[in-house]
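# An overview of the molecular structure
So the chains spell out like this:
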Amino acid sequence: MTGQTHIDPICGMTVADDSPRRFAFDGTTYYFCSDHCLEKFSADPAKYASRTPAGSAPAEPEVAPGTTYTCPMHPEIRQQGPGTCPKCGMALEPEMPSLDEGENPELVDFRRRFWWTLPLSVATFVLAMMGAGSNWVQLVLATPVVLWAGWPFLVRCVDSIRTRNPNMWTLIGIGVAAAYAYSVVATLAPNLIPADFHEHGRVAVYFEAAAVIVSLTLMGQLLELRARSQTSAAIRALLGLAPRTARRIRADGTEEDVDLSHVHVGDRLRVRPGEKVPVDGLVEEGRSSVDESMLTGEPIAVEKVAGSRVVGSTLNGSGSLVMRAEKVGSATMLAQIVRMVAQAQRSRAPMQRMADAVSYWFVIAVVAIAAITFLAWGLFGPEPRWIYALLNAVAVLIIACPCALGLATPMSVMVAMGRGASSGVLFHDAEAIETLRAIDTLVVDKTGTLTRGKPAFHGVEAAHGFAPDEVLRLAASLDAGSEHPLADAIVAEARARGLQLAPASAFDSATGLGVRGEVEGRKLLLGNTMLMMEGMVDSLPMMDRAEALRREGATVMFLGVDGTLAGLVAVADPVKESTPEAIQKLKALGIRIVMATGDGLTTAKAVASALGIDDVRGEVRPVDKLKLVEKLRHEGRRVAMAGDGINDAPALAAADVGIAMGTGTDVAMASGKVTLVKGDLRGILRARELSEATVANMKQNLAFALVYNALGVPVAAGILYPFFGILLSPMIAAVAMSFSSVSVVTNALRLRKS
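No experiment lies behind these values; they were computed from the predicted model shown.

### A closer look at the overall build of the protein chain
When helices and strands are counted, the protein chain shows 26 helices and 31 strands. For the protein chain, the share of sequence-separated contacts (at least 6 apart) that also reach a separation of at least 24 residues comes to 64%. If you sum the accessible surface of the protein chain, you get close to 33,700 Å²; carbon and sulfur atoms cover 59% of it.

### Some points on helix 4 (residues 135-149)
The end-to-end C-alpha separation of helix 4 is 20 Å, in line with the 21 Å expected for 15 residues at 1.5 Å each. By the largest-angle criterion, Ala142 marks the main kink of helix 4, which is about 35 degrees, and a proline, Pro144, follows within four residues. Those residues of helix 4 lying buried are Asn135, Gln138, Leu139, Leu141, Ala142, Val145, Val146 and Ala149.

### Remarks on the sheet that holds strand 14 (residues 288-291)
Spatially, 15-14-17 is the arrangement adopted by the three strands of the open sheet, whose pairing is antiparallel. What marks the edges here is a single partner per strand, and that holds for strand 15 (302-304) and strand 17 (315-316). Where strand 14 meets strand 17, two bridges bridge the pair, whose relative direction is antiparallel. Note that in strand 17 the partner of Asp291 across the bridge is Leu315.

### Details of the nonpolar core
Core analysis: the biggest nonpolar cluster contains 48 residues, and Val176, Tyr180, Tyr182, Phe207, Val214 and Leu218 have the highest contact counts within it. Counting residues per element, this core draws most heavily on helix 6 (residues 168-188), which supplies ten residues. Core analysis: the next-biggest nonpolar cluster, separate from the first, contains 40 residues, Val425, Ile613, Val657 and Ile684 among them.

### Description of the packing of aromatic side chains
For the coordinates displayed, the defined rule picks out four aromatic pairs. Taking 5.8 Å as the distance between ring centres and 80 degrees as the angle between the ring planes, the aromatic pair formed by Phe110 and Phe153 counts as edge-to-face. A residue pair is termed long-range when its members are at least 10 positions apart, and Phe110 in helix 3 (residues 105-130) and Phe153 in helix 5 (residues 151-162) qualify at 43 residues. Under the relative-accessibility criterion, Phe110 is labelled buried at 1%. Owing to a relative accessible area of 2%, Phe153 belongs among the buried residues under this scheme. Seen in terms of ring centroids, Phe114 and Trp115 are 5.0 Å apart; in terms of plane orientation they differ by 75 degrees. Their pairing is edge-to-face.

### Here's the deal with the confidence of the model for the protein chain
Summary statistics for the protein chain give a mean pLDDT of 78 and a share of 77% for residues scoring 70 or more. When pLDDT is averaged over each helix and strand of the protein chain, the minimum, 58, is found for strand 8 (residues 198-199) and the maximum, 94, for strand 12 (residues 268-271). Note on residues 51-66: pLDDT under 50 across the span, and 25 contacts to partners over four residues away in sequence or across chains.

### Topic: the pattern of salt bridges
Across all of its chains, the model carries 34 salt bridges by this definition. Between Arg324 and Glu284 there is a salt bridge, with the nearest N and O atoms lying 2.6 Å from each other. In this pair, Arg324 is assigned in strand 18 (residues 321-327) and Glu284 in strand 13 (residues 280-286), connecting sequence segments 40 residues apart. On the basis of relative accessibility, which here comes to 31%, the residue Arg324 falls in the partly exposed class.

### Section: the side chain of Asn392
Mapped onto the secondary structure, Asn392 falls in helix 12 (residues 385-399). Residue class for Asn392 comes out buried when judged on its relative accessible area of 0%. The contacts of Asn392, once residues within four sequence positions are left out, are Thr373, Trp377, Ala716, Leu727 and Leu728.

### Here we look at the sheet that holds strand 19 (residues 425-427)
Pairing in this open sheet of seven strands is mixed, and the strands run 19-31-30-29-20-27-28 from one edge to the other. Among the strands making up the open sheet, the edge pair consists of strand 19 and strand 28 (615-617). Neighbour to neighbour, the strand axes of the sheet diverge by 20 degrees on average, direction disregarded. Here strand 29 (residues 639-643) pairs with strand 30 (residues 657-661) via four bridges, running parallel. Residue Ala642 lies in a different strand from strand 30, and its bridge partner there is Ile659. Along the sheet, helix 20 (residues 601-611) makes contact with strand 27 (592-596) and strand 28, crossing strand 28 at roughly 155 degrees.

### Structural notes on unusual backbone geometry
With a phi close to 55 degrees, Glu520 is a non-glycine residue in the positive phi region. The topology assignment puts Glu520 in the loop between strand 23 (514-519) and strand 24 (522-527). Even without glycine at this site, Met536 takes up a positive phi of about 60 degrees. If you trace the backbone, Met536 turns up in the loop between helix 17 (529-534) and helix 18 (543-551).

### What to know about helix 3
Helix length check: helix 3, at 26 residues, gives a terminal C-alpha distance of 38 Å against a target of 38 Å (1.5 Å per residue), a fit within 8%. Listed in full, the buried residues belonging to helix 3 are Glu106, Leu107, Asp109, Phe110, Arg113, Phe114, Thr117, Ser121, Thr124 and Leu127. Of the residues one or two after helix 3, Gly131 is the one with positive phi, at around 70 degrees.

### Points about the environment of Arg688
Inspection of the secondary structure puts Arg688 in helix 24 (residues 682-717). With 251 residues separating them along the chain, Arg688 and Arg437 place their C-alpha atoms 5.3 Å apart. Filtering out sequence-adjacent residues up to four positions away, Arg688 remains in contact with Leu436, Arg437, Ile439, Leu589 and Ile591. Here Arg437 takes part through its backbone oxygen, which lies 3.2 Å from a polar atom of the side chain of Arg688.

### Some remarks on the packing of helix 3 against helix 4
In the contact formed by helix 3 and helix 4, the axes pass within 9 Å of each other and the chain directions differ by 150 degrees. In terms of orientation, helix 3 and helix 4 fall into the roughly antiparallel class. Relative to helix 4, the crossing made by helix 3 is left-handed. For the pair helix 3 and helix 4, the contacting residues are Arg112, Arg113, Trp116, Thr117, Leu120, Ser121, Ala123, Thr124, Leu127 and Ala128 in the first and Val137, Gln138, Leu141, Ala142, Pro144, Val145, Trp148 and Ala149 in the second. For the contact of helix 3 with helix 4, a count of residues per class yields twelve nonpolar, four polar and two charged.

### Observations concerning a nonpolar patch on the surface
Residues Phe374, Leu375, Leu379, Phe380, Trp386 and Leu390 make up a contiguous nonpolar surface patch of roughly 640 Å² in combined accessible area. Of all the elements in the fold, those that place two or more residues in the nonpolar patch are helix 11 (350-380) and helix 12. With four residues, the top contributor of residues to the nonpolar patch is helix 11. The topology assignment puts Phe380 in helix 11.

What counts and what doesn't
Residues numbered from 1 in each chain as written. Predicted model: local features only at pLDDT ≥ 70, side-chain atom pairs only at ≥ 80, totals over all residues. Heavy atoms only, no water. Helix = DSSP H or I, 4+ residues; strand = E, 2+ residues; numbered from the N terminus. Contact = heavy atoms within 4.5 Å. Areas by Shrake-Rupley, 256 points an atom, 1.4 Å probe, with all protein chains shown as cover. Expected span 1.5 Å × (residues − 1). Bend = angle between axes of the 7 residues up to and from the residue. Buried < 20%, exposed > 50% of the residue type's maximum accessible area, 1.4 Å probe, protein only. Pairing = 2+ DSSP bridges. Core = buried A, V, L, I, M, F, W, Y, C linked by side-chain atoms within 4.5 Å. Phe/Tyr/Trp six-rings, centres within 6.5 Å; stacked < 30°, edge-to-face > 60°. pLDDT = per-residue confidence, 0-100. Salt bridge = Lys/Arg side-chain N within 4 Å of Asp/Glu carboxyl O. Axes fitted to C-alpha atoms, helices over the stretch in contact; angles between N-to-C directions. Polar contact = N/O pair within 3.5 Å; in protein donor to acceptor, adjacent residues only side chain to side chain. Parallel < 35°, antiparallel > 145°, perpendicular 65-115°, else oblique. Left-handed = near helix turned anticlockwise from the far one by under 90°. Nonpolar A, V, L, I, M, F, W, Y, C, P; charged D, E, K, R; others polar. Patch = residues over 30% accessible without salt bridge, like charges linked within 9 Å, V, L, I, M, F, W, Y side chains within 5 Å.

And the structure:
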């Protein structure tokens, strides 16, 4: 039957019925997505036939990753397909982003609504302030803003009431609707409005309040959505590390390129020079160096030979490898890191939950006051009592409309982000700014965070009968043909000293030991003590010095010339010049420093000792860093994590504040909440100072907004009328609301000088 789909019994992929890859077995025809699956099935059809029926695909196939949506602030809210959160009104986001995911559709929609209606809001506001133009003109200008641009807010307002989850959308919706509805009535039926509220012979309307509130809210949503979109950037960057295809070796020895999703456990794969390892597995043939810095943070490539394990998405060097797949799909280490980052990102919502609770009671209180005002004036006020009731209730809603309260935090955050950017500190969200000032523990990676992340020449020492420059020249001549990072450092130093390198012959790399070769007719060995023992070279005379260099964090290589010890060469990953100052100042603030690195414990302790760090954890994997952060948080510590590698991404996401080095990987920067553009830990000190100033500024803004509401709402409700005859019209309420917003913005702008 044309158009029917089938399930591949090998990999579970959906296959169209016109696929030429099919196999009839036991009266049933099975369909396949690739030649590999077909070959595998045909080799033992009885084994696979019972796994999946050959008929059409089920009516409700397994949902693909990324189609389950969740609320960032309320992770318990999950549904199939996009929508809004019934608790806070935020747009739901894909639980697991995908590489082919486009720009957030809500961001696109709000951007269009904002820019198309912004001129209308400005025009309405200018006409109202100048007292020019008729009410009908303002009605025409404001209607598209409120009923089209503000429609999503009105819908969310209704939803918040329907689901009994009052939030800020409730007040925004009611405030906008009240201001607009009152103004429409005042325009269409001005005779219903008392003469006391006429100005210059016409009824005052408040279209500008409704329109400006919608535009300001849209602008705030655009900024928020743009920031929120960055939370999935880390996962997309991680997904982008995986190669799209793999080179599979068939049973007959021929090779084919297949999609990565078609690689199965047990498949033999070829990894050519410069390619990424497709999946986790075991090397069966070949020899090469593999750059695993994306997972370990180590800049030094790791030698791989038969029997070595390789990790998917790591970068192969100049050799060719044949490997057997052991972990594919969601079982690979990269997939596990992706899951850890996603889970860590979804697990944070304590501050938002507190904000929701405050908003809940604030909204209820304002609506209740507006309702009481309406009834009190309607039942006991002077004539026309119900008109007064309506106007005063609208005044309460307008003056309590959460512009000042809504702008109090965002404006401080916006200014602080700009101020931070100018000093090399990028905050990714408001939570990081609020939290950083309370941090009492800093977990730091070593490579690329405390150190430069690139091996550099550390020193050369000569044995009796040899000169240091001669030792360096011979070692560099032997290493000139090697692509190893340690060799690069030695060769670079020799050339910097102007030493003339000689050609090397009979070059051979001894995995895990060093290199051999001939230079100027002399047989050279360059490597560790094991290589020296194999070559019958006595390294004991310089062993004490080698140990001293290792305690300084250096990697030591001995040089043997024609069976005689000529000297040693040391290469190290140097500490950044700014690191010692930063560590000392952070400790002076009472912050506990913990080093967690994938390096060996000896090297880690050497660097920690030089920097005065007492708590050192060496040879830790990505999951170990994540567990360390979680353990410290469980102990009640407020934890910041500073790192630069992909291996740091889960811990960066799980920490109270993740601090990424701008000189590190894109994944680390996307996982962190703060990025230090220059990779300088002194930026943490600047960020902390800015955090303290920003939080103080936000508290001032919030206090002003709350005091403003505490004073303004009773006046708008008419509490002064019985004593002084003072009644606040909606227009004055709108002016007061605007004044409060301007005051909040002005106070926030003071942060530019902090």
